[in-house]
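Per-entry structural report
In case you want the letters, here they are:
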Amino acid sequence: MLKMVAIGAMMTGALTASAQEEVTPKTDSLQTLVVTGTRQAVDSRLLPYTVTSIGRETLTEQYRPSVLPTVMEQTPGLFLTSRGVMGYSVSTGAAGAMKIRGVGGGAQLMVLIDGQPQYAGLMGHPVADAYQTMMAERVEVIQGPASMLYGSGAMGGVLNIVTRQAERDTVIRDVQLQGGSYGTFAGEASELWRKGRFSGNAGLQYQSTSGHRDNALFRQYGGFAKLGYDICRNWTVKGDVNLTHFDAENPGPETAPLIDCEANITRGLASVSLENHYKRWNGVVRGYYDWGYHHIDDGHTAAETPRQNWYEQKDFIGGLTAYETAQLWKGSLVTLGLDWQHFGGSAWNEDKVNGARTYLTKGDDGRPTTWQKQDEVGVYLDLRQHLASWLTLDAGARYDWHSVVGAQCIPQGGLAFHVTKSADIKASVSKGFRAPTLREMYMFPPSNTDLEPEKMMNYEISYTQRLWDKGTVGANVFFIDGDNLITVVRTGGRPRNMNTGDFRNCGIEVFGNYRFTPRWKLTANYAYLHQSNPVEGAPEHKLFISGAYTHPRWGALVSVQHINGLYLTPGEDAPQEQYTLVNLDAHYNIALDKAKGLGGRLLTVFVKGENLLAQSYQTYLGYYMPRATVFGGVRLRL
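These remarks concern the structure in this document.

Cut-offs applied
- Residues numbered from 1 in each chain as written.
- Predicted model: local features only at pLDDT ≥ 70, side-chain atom pairs only at ≥ 80, totals over all residues.
- Heavy atoms only, no water.
- Pairing = 2+ DSSP bridges.
- Helix = DSSP H or I, 4+ residues; strand = E, 2+ residues; numbered from the N terminus.
- Buried < 20%, exposed > 50% of the residue type's maximum accessible area, 1.4 Å probe, protein only.
- Contact = heavy atoms within 4.5 Å.

Quick word on the sheet that holds strand β4 (residues 78–80)
Taken in spatial order, the three strands of this open sheet run β4-β5-β6, and their pairing is antiparallel. Where the open sheet ends on each side, the last strands, each with one partner, are β4 and β6 (103–104). The sheet contact formed by strand β5 (residues 98–100) and β6 spans two bridges and is antiparallel. The residue bridging Lys99 from the neighbouring strand is Gly104, located in β6.

Now the structure itself:
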């Protein structure tokens, strides 16, 4: 595969070197720019990979504090588990496991904020409660392996939250307050501004609920700030900080309720970056640090005695990413990048009475250690080339080195055929991998220091048709071949992590949106997934349909989501769930500046109902979701 990529790159260079004029694809004016597929904003039609982009209008039209429920609905093939009114938490009984095409759940799917990795350095998984709507301009999802660009953890795909940024001098302030069923409240305030060379984006949020069950309280607060300064026309420096803390009670499965099962989690991140912007050159150098502190009581049932220890964990990720994208010859776009990460952590049980610590992290010799650390370095090269006005080639490769498991070579390539100005056919082959986490190698009885990376190949063909300037329809067909998966097997009567798993997933995804008039819009998507080895949290059928009417003064949105063949545990004979959710959102706008009308300060009053059919269903085994719920609130734009 690497030889094929190299040969393709050399052939491309030879073709373009002999070109006499600029090669420009024939496309219409309806563009969707994305940054996740190439690290630089490009028209998604020029990429051979499937990238779903959900803009701010869609993210905010249902007044949800978290971006994840909306992203799940809008992205075919993506599913997210839940356990209550709000809050996903971590540890045993936690929800928020994301899967794309049946791959993900733990450390197989990467979440980014502006391209910066977001996951627990010790456990390797994302922390779902940290991804808030108020900071997001849009969310981009790569449905399939993205390890060539992002390394380990992007085996199943990537979800990238692109934060808001003002392009001209302005000040926009937003305040949103809402409350409803089960004592639920959510409040947030944010400000987006630019003044000359300075720009900024900051926000605070708080949310809480008593939950629809006993011992299901959830409370979260946090904030973020992002500042930028244009040093000159071509150079910009940016810095950001994000802090989230939540307290979550786990009520346990309904068949065995838990008492005193609580998690107190704090997550923080900070970064500083230097960006350059030229006509033919664009790049970024970014340093970042991500850290977390977890304090957990795993609780007990009524028949058990209280636990004598708390579980505590500290973890971190420090890293540097640098890349430069350049148009070196006609019709080309070449990206050269470097990623370095230093990550690790410590975990221990702490006696509730005397504070004595028993460390759970182990060294290579199997003995307890206070800290476990590792490094990962990756270098990649990606080439996109317009071979003709109707054909674009994209090929790349990554060399990734891990301080314990060694080196990996990750190829990726594909073609985009611009059949007409409004239609594209794409074909791609990509490899994904995931290095074992520190938990899998050095913590708890199944740990095994001899683990190797998980691997998978993704083969995909897609068709997209733009419907004039009113909408888009399309379909993706994919086949996934995965092996070397880490599973728990019993050896000598004891559990042990081993590279023994494999799977074959295939399916089809259909999507479309159409704006009948400036006020009426329809959105729909459907995903079918066949799994050789079914896993939990990956439904066989997933359907979403929404219709929206928007008037300058008022608007309404009705959505329907149908899930069928959702496995609640692994295995073909595992219990399955199916359900249909109907949600309704309505709002009314009140102008606060009569002279400016709706273009000035604006007060929006909204009401929404979720699961209006009062369906009884679960996405996480033993945790039935609330039936019909109602919320209302206000949004103020200043």
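That covers the picture; the talk isn't over yet.
Points about the pairing of strand β10 (residues 157–163)
Burial runs high along β10: seven of the seven residues are buried. The side-chain alternation of β10 yields two buried faces, one formed by Gly157, Leu159, Ile161 and Thr163 and the other by Val158, Asn160 and Val162. Across five bridges, strand β7 (residues 109–113) lies against β10 in parallel orientation. Bridge assignment links Ile113 to a residue of β10, and that residue is Ile161.

Observations concerning the side chain of Ser82
Here Ser82 shows up in the loop between β4 and β5. Classification of Ser82 by relative accessible area gives buried; the value is 18%. Non-local contacts of Ser82, meaning those with residues more than four positions away in its chain, are made with Tyr88, Ala95, Thr619, Tyr620 and Met625.

With respect to the environment of Pro65
With respect to the element layout, Pro65 can be found in the loop between α2 (56–60) and α3 (68–74). Classification of Pro65 as buried rests on a relative accessible area of 14%. Taking the C-alpha atoms as reference, Pro65 lies 9.4 Å from Gln176; in sequence the two are 111 residues apart. What Pro65 contacts, discounting residues up to four positions off in sequence, is Tyr131, Gln132, Thr133, Gln178, Ala186, Glu188 and Gln207.

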